[in-house]
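# Examination of the molecular architecture
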Amino acid sequence: MLSRVKRDTTGTIAALDPADEADLIARCRADERAAQDELYHRFRRQVAGNLYRVLGDRGDLDDLVQEVFVIAFRGLERFRGDARLSTWIYRICVNVALGKIRTRKRRPAAIGMADLDTAVMDPSLTERPETPAQSLQRRQDQERVYRAMDTLAPKKRIVLYLHEIEGLDLKEIAYLVDSNPVTVRTRLFYARKEFYKALEGAADGDP
Amino acid sequence: MGHVAPHKWADAWRGKLSESEVAAMDRHAETCARCAKARDRITRTSSVTFAAIKNAPVPEVSWDSVRAKVHWEVSSAKRSARQRAIRPTRAAWLGVAACAAAGIGLLVATGGTDVPAPPTPAQPAPLAHAEPVHAPAAPAPLAGMVSLVSGEVMIDGVRRTDLFDRALGTGTVIATADGRIDVQFGDHSAFALGPRSKLELRRFDATEVRLVVDGTIDVEVAPRAAGQRFLVEAGAQTIEVRGTQFRVVHDTNGTRVACRHGLVAVRDHAGEALVGAAKKVDVTSAVDATKVATLSDAELAQLAEATPVTTPLWIDDLAHRSSILELATSTHRDARVDGVEVGPAPLRVRVMPGRHTIETADASGRFHRAGWVDAQAAEPARLEVATPEPTAPASPTPSIAARKRELATGIAANRPKLGRCTRAAAKSGIEDLSVQIEISVDATGAVRFLNVDSDLTSVTQACIHDALAQIQFGPGPAATWHERIDL
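Please read all numbers here as calculations on a predicted model, not as lab measurements. (Residues numbered from 1 in each chain as written. Chains lettered and ligands numbered in written order. Predicted model: local features only at pLDDT ≥ 70, side-chain atom pairs only at ≥ 80, totals over all residues. Heavy atoms only, no water.)

### Points about the overall build of chain A
Scanning chain A for helices and strands turns up nine helices and zero strands. From first element to last, N terminus to C terminus, chain A shows the α and β order α-α-α-α-α-α-α-α-α. Across the 207 residues of chain A, 49% fall into the buried class. Partitioning the contacts of chain A with sequence separation of at least 6, the portion at a separation of at least 24 is 67%. For chain A, the accessible area works out to roughly 10,200 Å², and carbon and sulfur atoms hold 53% of it. (Helix = DSSP H or I, 4+ residues; strand = E, 2+ residues; numbered from the N terminus. Buried < 20%, exposed > 50% of the residue type's maximum accessible area, 1.4 Å probe, protein only. Contact = heavy atoms within 4.5 Å. Areas by Shrake-Rupley, 256 points an atom, 1.4 Å probe, with all protein chains shown as cover.)

### What about the overall build of chain B?
Across its full length, chain B holds ten helices and 26 strands. With 487 residues in all, chain B has 40% of them scored as buried. Taking the contacts inside chain B whose residues are at least 6 apart along the sequence as the reference set, 53% of them involve residues at least 24 apart. Carbon and sulfur atoms form 55% of the exposed surface of chain B, whose accessible area is close to 25,100 Å².

### Thoughts on the sheet that holds strand β22 (residues 367-375) of chain B
Residue and element names in this part refer to chain B. Read across the open sheet, the four strands follow the order β19-β18-β21-β22; overall the sheet is antiparallel. In the strand order of this sheet, the two ends are held by β19 (340-345) and β22, each with one partner. Strand-to-strand twist in this sheet, taken as the mean axis angle between neighbours without regard to direction, amounts to 30°. Where strand β21 (residues 354-361) lies against β22, eight bridges are found, and the strand directions are antiparallel. Bridge pairing links E359 to R369 in β22. (Pairing = 2+ DSSP bridges. Axes fitted to C-alpha atoms, helices over the stretch in contact; angles between N-to-C directions.)

### Here's the deal with the interface of chain B and chain A
Taken together, the contacts link 43 residues of chain B with 49 residues of chain A. Both faces considered, chain B and chain A share a buried interface measuring about 4,600 Å² in area, 59% of it formed by carbon and sulfur atoms. Linking chain B to chain A there are six salt bridges. Here D141 of chain A makes a salt bridge to R44 of chain B, at a shortest N to O gap of 2.8 Å. Where chain B meets chain A, there are eight residue pairs in polar contact (both at pLDDT 80 or more). Among the elements of the structure, α1 (6-13), α3 (33-54), α4 (63-86) and α7 (318-321) of chain B are those that each provide at least two residues to the side of chain B that touches chain A. Counting residues per element, the side of chain B that touches chain A draws most heavily on α3 of chain B, at 15 residues. Residues belonging to the side of chain B that touches chain A are distributed by class as follows: 19 nonpolar, eight polar and 16 charged. (Buried area = accessible area lost by both parts, 1.4 Å probe. Salt bridge = Lys/Arg side-chain N within 4 Å of Asp/Glu carboxyl O. Polar contact = N/O pair within 3.5 Å; in protein donor to acceptor, adjacent residues only side chain to side chain. Nonpolar A, V, L, I, M, F, W, Y, C, P; charged D, E, K, R; others polar.)

### Some details on the sheet that holds strand β24 (residues 434-441) of chain B
All names here are of chain B. Taken together, the three strands give an open sheet; going across it, the order is β25-β24-β26, and neighbouring strands pair in antiparallel fashion. The open sheet has two edge strands with one neighbour each: β25 (447-453) and β26 (479-486). Across the sheet, the mean angle separating the axes of adjacent strands is 15° when strand polarity is ignored. For β24 and β25, the ladder comprises six bridges, and the chain directions are antiparallel. When the bridges of β25 are listed, E438 appears paired with N451.

### Observations concerning helix α10 (residues 458-469) of chain B
All names here are of chain B. Counted at 1.5 Å a residue, the expected span for α10 with its twelve residues is 16 Å, and the 16 Å between its end C-alpha atoms agrees. Residues T460, Q461, I464, A467 and L468 constitute the buried set of α10. Buried residues of α10 fall within an arc of 125° about the axis and therefore sit on the same side. Looking at the buried residues of α10, the elements they touch are α8 (401-413), α9 (415-427), β24, β25 and β26. (Expected span 1.5 Å × (residues − 1). Arc of directions from axis to C-beta.)

### Considerations on the packing of α8 of chain B against α9 of chain B
Residue and element names in this part refer to chain B. Contact geometry of α8 with α9 gives a least axis separation of 5 Å together with a crossing angle of 65°. Comparing the axis directions of α8 and α9 gives the class roughly perpendicular. In contact with I411, A412 and A413 of α8, α9 contributes R415, P416 and L418. Of the residues assigned to the contact of α8 with α9, the class counts are five nonpolar, no polar and one charged. (Parallel < 35°, antiparallel > 145°, perpendicular 65-115°, else oblique.)

### Points about helix α1 (residues 18-29) of chain A
Residues and elements named next belong to chain A. Here α1 spans 16 Å end to end across twelve residues, near enough to the 16 Å set by a 1.5 Å rise per residue. Among all positions in α1, only D20, E21, L24, I25, R27 and C28 are buried. Down the axis of α1, the buried set is contained in an arc of 165°. They therefore lie on one face. Across α1 from its buried face, at more than 90 degrees, point the exposed residues P18 and A19. The secondary structure elements touched by the buried residues of α1 are α2 (33-55) and α4 (85-103). Just downstream of α1, D31 is the residue with a positive phi angle, here 65°.

In structure tokens, the structure reads:
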């Protein structure tokens, strides 16, 4: 039930302990609407944030969030509990994002200016408010990053994102992309080379 | 040393390289503008840009809409799966067909010339070539949440204590004794079931709402999307709407439909009558379009007062984000919550968290502040309203001439506002508009109370009250007086 959702003092939903998580999963499997609502409310922001950061734009975000949860609710029967629920949902996000990257017919600038306007810098990262020049610089840097990532093959792109931006280790990435750590390491090696080369090329192209 | 591979700069920033290696790269960058630029760019990207991306705020998504679609898709898939499990498979049909054909063949082969003709054998065979039939997916169910209860109400024949926690759906039957129940089922969409009435939610989903009523129901419906139907069945009559506020009364005398705004269609076997804004139709035996009549001001005001209570927000976990406020009174008295009339107390009403001001009416119908209450999400709130001591009616005080002059000056200054309040009535051809006011001003010039009385609609009256309340009085003698104001 929603009343069981625990919130910490910052207003965010606190993490579930394993027993509560198992209980929530069991209730969801029993088609309990309140439990499904709770699962949705717990993870919706995490899912949207993951997809948004991986893809770099908010186009189709509603549809992708929906897809993730549909897969999650349908797949709960097969969830074995060998990872935390949040990790399992993250894995679904990664796969949905991978599918989206693969099916993109054309490749617009990965992050549009409208999106960048809303991607406000975390205040903790800057002691002083950004000046307009700094803001423009940051937006251009982000755009370059996503443009460079767009040059990579989808599998390489995901691995690079998870390692370089999310800071995950090889084992975690291997679980998320359903591969083994050795393959991930190889993929990451080439992905980094290609990405930073593309980034350098983007720098060369600057006025 | 040749040019530095770009990813080496990222490695250097992450501390994966030895100090000597980094020093050699830096030395090269001092003489190579290209590598220096790459170093700066990649270092900034690794240190700032990646962090900015990682900490980017989560964009807002239409959370409720997404949730509804997820529920719809998941439940549809489960229903389809169940139906598939019940339906015989194609292979099974092929088996039946094959067995039937073999049986007939055997009969013919055994020379049974006098065997009667088999009754259309192997009918299932064509099914082997037919496209599988998929049942149309069921529309998403709606959930009605109770927003107000007063008096005795039964759900599915039981007096429930958890009325506000239940989501009402298809098949629910609501019955009232002397009470009233308001149920919200969307943004600005709600119905109020009046006393001694019974309502069945015969269909209650995204594509169709079909309510079967016996008694009085007041409905307010937000404009429906294409493909969405909203029907009220009252005896032999069906009332269909797109987006409107209306009342249906069905009893032994027939069916009466009154529409406050919007348009409703009243149909039965005899025909159809369109009832527009401020119109009504009485149906005794059969619908007659010529019987559509105009509502009087009093009837319109009555409809306005019967507007179902809704919460300002319609959210999917409303039950846990709102509070149930109980107004306890020893006698039946009209009550207002935050200035909105909610009907006669005692009652329980759904409110959003926060502070709420409660007013109750005295014997003469004038509202007085009864107190305030702080409501918290998912926790009930209660205000016990004490019975007021009978007070002597306020009598006009002497030395009010100065105050009356101030009022007259203020009214003159506020004429345009008052004109806006009475424009609708004036357009309807009502002339010689006036209101009776009772006002009390203290020595500092503060208005202690202001009551406006008239035959005008409550909306107009409230507008006039607001306009008069803006009049400023200076310090002077305290005064209380009655006055008629021509508008």
